[in-house]
Amino acid sequence: MRWFSDLRIRYKLLVCYATVFTLSMSLGSYIIYTFVRQTIEAGIESELENSTKTILNMVRTAADVAIRNHLRAVAEKNREIAESLYEQVQAGELSDAEGRALAGRVMLSQTIGKTGYIYCIDSSGNMLIHPEEALGGANISGHDFVREQRTSKMGYLEYDWQNPGEAHPRPKALYMTYFEPWDWIISASSYRSEFRELIDVHDFEAGILSLTFGQTGYSFIMDSKGNLILHPALEGNDFNALDRKGHHFIQEICRRKSGKITYPWENPGDRTPREKLVIFNYIPEFDWIVASSSYLDEFYAPLKMVRSLIVATVLI
């Protein structure tokens with residue numbers, strides 16, 4: 001204090017102004033730095049979340065198209081069978097009852113996926129053909145999807161169905177076509193989860209692998225056991241074996257199925273692990289986890305420049 005009191009007024013003012021200026025600059029710089037960091041972090045999460053949603057839409061669109069086309073092919077093939085038998089009835093080669101019975105046997109001999117089947121109802125909702133004999137002749141028009149079938153008669157439907165003994169309903173899909181001479185709504189139906197083998201990842205591989213974040217960020221798909229379905233470099237591997245640092249982030253992703261985590265990852269040639277952010281979502285009908293990830297330091301590169309400029313400005 002004595003040292004300060006002995007100074008000339010000009011130096012006292014210089015010290016006071018310099019102190020106030022430096023503190024003000026430091027506080028302002030801290031506020032700016034914090035704001036920029038929060039903005040970048042929000043941008044990072046938004047970009048990764050949007051990419052993950054994009055992948056979800058790609059996969060679901062491809063799945064819908066594959067399932068719809070498969071069920072449509074089955075339904076229309078069976079309508080052709082009914083048409084062929086009806087022509088034999090018209091030609092007098094079969095009686096009407098024989099033609100209907102033979103068509104029913106052909107349809108019941110087929111399976112779709114593991115538990116899928118073909119069934120027929122009429123325009124009133126009466127069950128004409130079904131693997132469960134007890135349902136023969138029953139009117140099932142009380143179900144919402146049956147009411148829609150009676151109205152539309154042709155097209156694709158998705159609905160939830162819960163069998164006796166099951167804890168929860170499961171999503172089903174059907175394609176229906178109409179054979180008017182017999183008033184048959186021919187329906188090919190199965191659970192969506194049984195069509196996993198119809199999904200060809202190459203249908204959307206290019207679109208997913210084209211998504212990039214920062215300099216080296218990418219998206220990937222794996223199942224809930226850690227097996228990679230689609231990855232820029234490691235496709236077909238067991239992802240669990242790649243967690244060399246013992247952080248078990250893959251197990252955490254598989255356990256949570258949806259969310260975000262940050263984990264250290266060291267690529268070959270790296271001296272130290274780098275922090276990565278991954279945002280992931282779950283597609284239950286295929287048991288797939290879609291994820292988007294990138295190194296945080298690549299996103300924070302502009303923030304480092306801002307920090308350097310702030311420090312230099314304060315020092316100057």
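What counts as what
- Residues numbered from 1 in each chain as written.
- Predicted model: local features only at pLDDT ≥ 70, side-chain atom pairs only at ≥ 80, totals over all residues.
- Heavy atoms only, no water.
- Buried < 20%, exposed > 50% of the residue type's maximum accessible area, 1.4 Å probe, protein only.
- Helix = DSSP H or I, 4+ residues; strand = E, 2+ residues; numbered from the N terminus.
- Pairing = 2+ DSSP bridges.
- Axes fitted to C-alpha atoms, helices over the stretch in contact; angles between N-to-C directions.
- Contact = heavy atoms within 4.5 Å.
- Parallel < 35°, antiparallel > 145°, perpendicular 65-115°, else oblique.
- Nonpolar A, V, L, I, M, F, W, Y, C, P; charged D, E, K, R; others polar.
- Salt bridge = Lys/Arg side-chain N within 4 Å of Asp/Glu carboxyl O.
- Expected span 1.5 Å × (residues − 1).

Caption draft 1: Molecular detail of the pairing of strand E4 (residues 170–179). Most of E4 is tucked away, with eight of its ten residues classed as buried. Examined bridge by bridge, strand E3 (residues 155–161) and E4 share seven bridges and lie antiparallel to one another. Bridge pairing in E4 places leucine 157 opposite leucine 174. Of the strand pairs in this sheet, E4 and strand E5 (residues 184–191) are connected by eight bridges, and their pairing is antiparallel. Bridged to methionine 176 within E5 is serine 187. Two successive antiparallel strands, E4 and E5, enclose a turn made up of four residues, where aspartate 183 displays a positive phi of approximately 55 degrees.

Caption draft 2: Representation of the sheet that holds strand E8 (residues 259–265) in the model. One open sheet holds the five strands; their spatial order is E7-E6-E10-E9-E8, and the pairing between them is antiparallel. The two strands at the open ends of the sheet, each matched to only one other strand, are strand E7 (228–230) and E8. Within this sheet the neighbouring strands show an average axis-to-axis angle of 35 degrees, counted without direction. As paired elements, strand E6 (residues 218–223) and E7 share two bridges and run antiparallel to each other. Each bridged residue has a counterpart across the sheet, and for methionine 222 the counterpart in E7 is leucine 228. Packing against the sheet, helix H2 (residues 9–90) makes contact with E6, E8, strand E9 (274–283) and strand E10 (288–295), and its axis sits at approximately 35 degrees to E9. Its contacts with the sheet put helix H6 (residues 249–256) on E6, E8, E9 and E10, and the angle it makes with E8 is roughly 170 degrees.

Caption draft 3: Summary view of the pairing of E6. Most of E6 sits out of view: six of its six residues are buried. Connecting the antiparallel pair E6 and E7 is a turn made up of four residues, with glycine 226 showing a positive phi of about 95 degrees.

Caption draft 4: Summary view of the environment of aspartate 297. Inspection of the secondary structure puts aspartate 297 in helix H7 (residues 296–299). With a relative accessible area of 30%, aspartate 297 lands in the partly exposed category. As for aspartate 297 and isoleucine 250, which are separated by 47 residues in sequence, their C-alpha atoms are 21 Å apart.

Caption draft 5: The packing of H2 against helix H8 (residues 301–315), seen in detail. Between H2 and H8, the shortest axis-to-axis distance is 10 Å and the interhelical angle comes to 175 degrees. Here H2 is positioned roughly antiparallel relative to H8, judged by the angle of their axes. In this structure, H2 uses Thr22, Met25, Ser26, Ser29, Tyr33, Val36, Arg37 and Ile40 to contact H8, whose residues at the interface are Leu303, Arg307, Ile310, Thr313 and Val314. Along the lines of polarity and charge, the residues of the contact of H2 with H8 split into seven nonpolar, four polar and two charged.

Caption draft 6: A look at the pattern of salt bridges. Under the criterion given, the structure shown has ten salt bridges. The closest approach of N and O atoms between lysine 77 and glutamate 80, which form a salt bridge, is 4.0 Å. Of this pair, lysine 77 and glutamate 80 both sit in helix H2, three residues apart, roughly one helical turn. A salt bridge links glutamate 252 to arginine 255; the shortest N-O distance between them is 2.8 Å.

Caption draft 7: Structural view of H2. Across its 82 residues, H2 extends 118 Å between first and last C-alpha, which sits within 8% of the 122 Å expected from 1.5 Å per residue. One or two positions beyond H2, positive phi appears at glycine 92, with a value near 85 degrees.

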